[in-house]
Amino acid sequence: MTAHAPTAVQAEGVGLRAGRGGRRRDLLADCAFRVPRGAVCGIVGPNGAGKSLLLSAAAGLVRPHSGRLTVLGQPAGADALLADVAYVDQHRPLYPRMRAAELLAMGRDLNPRWDHDRAAELLELGRIPLDSRAGSLSGGQRSLLALALARGKRPRLLLLDEPLSDLDPLVRRAALGLLLGDVAEGQGTVLLSSHVLGDLEEAIDHLLLIDGGRIRLAGELSELLAAHRLLDRLGLLECQAGLAPWRVHPVDPVDEEPRHLTLVRVEQETRTEAAEAELPRLEELVVSYLRSPSVAGWLAPGMRPGRYGDADQNGTGTVAA
Amino acid sequence: MKYQLRRSSGTPAYQQIIEQTEQALRLGILKPGDKLPTAREVVESAVVNGNTVLRAYQELQRRGLVESRTGLGTFVVGTLGSADRVDGSGLRQELEQWMTRAREHGLEREDVMALVVSVGDACFAERAPEGRAR
């Protein structure tokens, strides 16, 4: 289980501020989570929630004003991480005058593990000629070129900010397939932000949901889903009246019509009793939590920060964040 | 062997992999000794998380249908149904003729499948279903 896999990214009491100078404001406060190595972790949240900020902090470009952010066992931004971490910013900064071939050559010269074929595969997806200048490419092609440079580096941690947002549906699937294939072959860990949940549902195995300056959900996706159920009105009434053999924390109605389902989090000790009830899908889980900001968040045991391998020992599975 | 995973079907991706493998075994498309696609191949073509594929392959191994050989891949070791007995029996051809007639009568695919399941249930009622995925 991933609870015992070594850690790729760990946050302990991390606070992050956005903006510069006098306009700085706290965006994320007291974040605590861990992402194990080998994970494909989706970072989800509304616009402005701090997804990009968290990614750039993991890349070492923004310093936390409080707490500790650790990447592959080192403080985020440590020089030793340069070869191991790749980051694709949502603005895809590329030198506009440079040609694709020159950027690839730069990637080769700067990175000890450079893999030309892995980069070239993504250029082919976008039909990007090697002699085209970065500044002349379409938005989607720029995304693919930036992804190519990051993938060619064979990073142990790949940080992607909305990597698929301007790709057409076919290229989007193909690009995501390549990245997932790398992870399946043991080539590192991926953290990617997206607000297109459909892209993520089958792709990710871990989830970080950020909203209102906090981590609302963190954990292995299957574990997060398994901790929740969808109940119809009768089921919910039975629970609230204490007639059901399990205890739940209602989050939010999922659909008003026609079934009046409500998402609930089931207390771990009573979860086996709830086996019959319907599990939510990713989108239902995320939307419910976003619609109910007053409900306490939940960190699955394996995502709670701790020393390698012992993250599970201090939690009972029902602690609200 | 190529998996066709459908997102909207409501069946989890890992279960679709199990069902399609079993289907291929039943139809004789996969035979003992055949190699299943690598996790990378499935992940790339179906765009699913690698753990999904591994979980499905582990379940197939638990059912005694495939075996993972370290560094080589996952291989078919078991059989399902009676693919050999179908070959040469003419059953497939008869079914094809029957299906063509059903289509000529204006039946949709769903109508035909419902009919097949219903007649199948009646004919095989006394026999326990073997090895069916949940």
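Keep in mind that what you see is a predicted model, and the values were worked out from it rather than measured. (Residues numbered from 1 in each chain as written. Chains lettered and ligands numbered in written order. Predicted model: local features only at pLDDT ≥ 70, side-chain atom pairs only at ≥ 80, totals over all residues. Heavy atoms only, no water.)

Turning our eyes to something else, we now look at the pattern of salt bridges. Once the charged atoms of two side chains with opposite charge are near each other, the side chains can pair. Following the criterion strictly, the structure yields 22 salt bridges over all chains and no others. Two residues, Arg-40 of chain B and Asp-182 of chain A, come together in a salt bridge whose shortest N-O distance is 2.9 Å. With Arg-40 of chain B in helix α2 (residues 39-46) and Asp-182 of chain A in helix α5 (residues 169-184), the pair connects residues from two separate chains. Residues Arg-40 of chain B and Asp-182 of chain A agree in their burial class; the two are buried. A salt bridge links Glu-59 of chain B to Arg-63 of chain B; the shortest N-O distance between them is 2.8 Å. The class of Arg-63 of chain B is partly exposed, set by a relative accessible area of 30%. Each of Asp-115, Arg-118, Glu-121, Arg-151, Arg-154, Asp-182 and Glu-185 of chain A together with Arg-40 and Glu-44 of chain B takes part in a single network of salt bridges with overlapping partners. (Salt bridge = Lys/Arg side-chain N within 4 Å of Asp/Glu carboxyl O. Helix = DSSP H or I, 4+ residues; strand = E, 2+ residues; numbered from the N terminus. Buried < 20%, exposed > 50% of the residue type's maximum accessible area, 1.4 Å probe, protein only.)

With their axes 7 Å apart at the nearest point, α5 of chain A and α2 of chain B run at an angle of 160° to one another. With respect to α2 of chain B, the axis of α5 of chain A lies roughly antiparallel. Of the two elements, α5 of chain A crosses α2 of chain B, and the hand of that crossing is right-handed. Counted together, Arg-173, Gly-177, Leu-178, Leu-180, Gly-181, Asp-182 and Ala-184 of chain A of α5 of chain A and Arg-40, Val-43, Glu-44, Ser-45 and Ala-46 of chain B of α2 of chain B form the full contact between these two elements. (Axes fitted to C-alpha atoms, helices over the stretch in contact; angles between N-to-C directions. Parallel < 35°, antiparallel > 145°, perpendicular 65-115°, else oblique. Left-handed = near helix turned anticlockwise from the far one by under 90°. Contact = heavy atoms within 4.5 Å.)

Residue and element names in this part refer to chain A. Most of strand β8 (residues 189-193) sits out of view: 5 of its 5 residues are buried. Every second residue of β8 is oriented toward a common face, with Thr-189, Leu-191 and Ser-193 on one face and Val-190 and Leu-192 on the other, all of them buried. As paired strands, strand β3 (residues 40-44) and β8 are joined by 4 bridges and run parallel to one another. Residue pairing in the sheet places Ile-43 in a bridge with Ser-193 of β8. Of the pairings in the sheet, the one linking strand β7 (residues 157-161) to β8 comprises 5 bridges and is parallel in character. Within the sheet, the bridge partner assigned to Leu-159 lies in β8 and is Leu-191. The β-α-β motif built from β7, the intervening α5 and the parallel element β8 has right-handed crossover chirality. (Pairing = 2+ DSSP bridges. Right-handed = clockwise from strand over helix to strand, strands pointing away.)

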